[in-house]
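# Results of the structural survey
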Amino acid sequence: MALHVRGVLLPDDEVRDIWLVGDRVTFDPQPGAETIADRGYVLPGLVDAHCHIGIARGGTPITSLDQARALARTDRDAGVLAIRDAGSPYPYPELDDEPDLPRLARAGRHVAPPRRYLRDIGVEVAASEVAATVAEQARAGNGWVKLVGDWIDRGVGDLAPSWDAATMAAAVEAAHAAGVRAAVHTFSESAVEIMVRAGVDSIEHGTGLSPDLVDEMARRGTALIPTMINIRTFGGIADQARPKFPGYADHMLALRDRFPEVVRAAYEAGVPIYVGTDAGGGIDHGLAAEEMLLLHERAGMSTLDVLAAASWRAREWLGFPGLVEGGLADLVVYPDDPRRDLRVVRTPSRLVLRGRLLR
């Protein structure tokens, strides 16, 4: 049976009638459709554009599809109906079309430097193997690869790029040659500069961005996924590292403290920004609403632009059409206007995924 929704459709800001026929949207009336909402504010389903349903709490790989399902359902129940998994040590292509799970854009495993990343999470390779490994991981995902652009180098006691600049640029070229987009983890100033100029498609975290690089990202259309929830954890990371690596600890705190202004500068420059929590490992799932609030309260993004970054613009970026004729039948309904009070996004009143009413 077709479903019928009536409400204020955002971003159009007008009362519309929407019919969901199977997994598609239409604005053509469907006789006999079941009305599941006749008021409220309607958005395309939310997106977590940096999430890991292949990593369990504590930073260890999951060991079963059921674990991945449980994590994905936690995000789904918070209104997230599409996920970009930014690197998973556990393969789960079987879940791409599972009816009650969010739509998935997936990278394969992280491509990381030897002995300089989270244990058992990435494929750790020397510079000579990076391009070939990127091509391999492109086949393991469904449109993305994930590069680890920097991490602590214990030999120097601070963040440092994972490989030399030529190798990192070749990694991006290898991803594009394989027909996928490349995302890169960066905290440091040096690694993010290398990767932006190499033409990477998205910067994850990006705490080391400078005003010049922000302008370059805007020119290129390079996306930023700030994961502000993650950056709040830098204090704990610094505390643990300080006895052995005081310079690294100070650096992490400085990156944390300036980050809201970095994101604000990127926003004002017109850099595409999308909501991502980095859930998995040290960050709980189901926190997309909290990330949205941080982008508004700490980085100064307007409520409408935050909603776009979590909904229609993010879905378009990932290739999941929103509430347009023939688009995908994923939507959230809120009882009140989230543009007036963004806290409303914590409590969706209706969730529809793949044309099925979940709540």
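Residues numbered from 1 in each chain as written. Predicted model: local features only at pLDDT ≥ 70, side-chain atom pairs only at ≥ 80, totals over all residues. Heavy atoms only, no water.

## Overview of the overall build of the chain
Our working definition: Runs of H or I in DSSP of at least four residues are treated as helices and runs of E of at least two as strands, each being numbered from the N terminus. Note that the radius of gyration is over C-alpha atoms, with the globule rule given as 2.2 Å times the number of residues to the power 0.38. A 1.4 Å probe rolled over the protein chains alone gives each residue an accessible area, and that area as a share of the maximum for its type sets the label: buried under 20%, exposed over 50%, partly exposed in between. Whether two residues are in contact is decided by their heavy atoms: any pair within 4.5 Å suffices. Exposure was quantified through the Shrake-Rupley algorithm and a 1.4 Å probe, taking into account, for residues, occlusion by the shown protein chains and nothing else. The charge count includes Lys and Arg as positive and Asp and Glu as negative, but it does not include His or the ends of the chains. To locate a charge, take NZ of a lysine, CZ of an arginine, CG of an aspartate or CD of a glutamate.
For the chain, the helix and strand inventory stands at 11 helices and 21 strands. Rg of the C-alpha trace for the chain: 20 Å, near the compact-globule value of 21 Å for 359 residues, within the 12% margin. Projected onto its principal axes, the C-alpha positions of the chain cover 70 × 40 × 35 Å. In the chain, which comprises 359 residues, the proportion classed as buried is 57%. If you take every contact in the chain between residues at least 6 apart in sequence, the share linking residues at least 24 apart comes to 66%. Summed over its atoms, the accessible surface of the chain is roughly 14,000 Å², and 48% of this surface lies on carbon and sulfur atoms. Here the chain carries 39 positive and 51 negative side-chain charges, and the mean point of each set is 2 Å from the other.

## Details of unusual backbone geometry
Negative phi values dominate among residues other than glycine, just as trans dominates among peptide bonds. Backbone torsion omega between L10 and P11 reads 10°, so that peptide bond is classified as cis. Relative to the helices and strands, P11 resides in the loop between β1 (3-9) and β2 (14-21). With a phi close to 70°, D120 is a non-glycine residue in the positive phi region. The topology assignment puts D120 in the loop between β11 (111-112) and β12 (123-124). Residue D278 is not a glycine yet carries a positive backbone phi of 65°.

## As for the side chain of D278
Cut-off, in case you're wondering: Any carboxyl oxygen of Asp or Glu within 4 Å of a side-chain nitrogen of Lys or Arg constitutes a salt bridge here. A 3.5 Å cut-off defines polar contacts: any pair of N or O atoms within that distance qualifies, except that in protein one atom must be a possible hydrogen donor and the other a possible acceptor, and neighbouring residues in sequence count only when both atoms are side-chain atoms.
Positionally, D278 belongs in the loop between α8 (246-269) and α9 (288-297). Summary of buried charges: D278 has no salt-bridge partner, and the nearest side chain of opposite charge, K146, is 5.9 Å away. A distance of 3.0 Å separates polar atoms of two side chains, one belonging to D278 and the other to H52. Ignoring any residue separated from it by four or fewer positions in sequence, one finds D278 in contact with H50, H52, H205, T227, N230 and I283.

## Description of the pairing of strand β6 (residues 46-51)
On a regular strand, one side chain projects to one face of the sheet and the next to the other, so that they alternate. Applied cut-off: Paired strands are those between which DSSP finds at least two bridges.
Counting buried residues along β6, 6 of its 6 residues qualify, which places the element largely inside the surrounding structure. Bridge count for β6 against strand β9 (residues 80-85) is 4 bridges, and the pairing is parallel. The residue of β9 that forms the bridge with C51 is D85.

## Overview of the pairing of strand β13 (residues 144-148)
In terms of burial, β13 is largely enclosed, as 5 of its 5 residues are buried. Burial along β13 is two-sided: W144, K146 and V148 and V145 and L147, pointing in opposite directions, are all buried. As judged from the 5 bridges shared by β13 and strand β16 (residues 181-186), these two strands associate in the parallel manner. Among the inter-strand pairings, K146 is bridged to a residue of β16, identified as A183.

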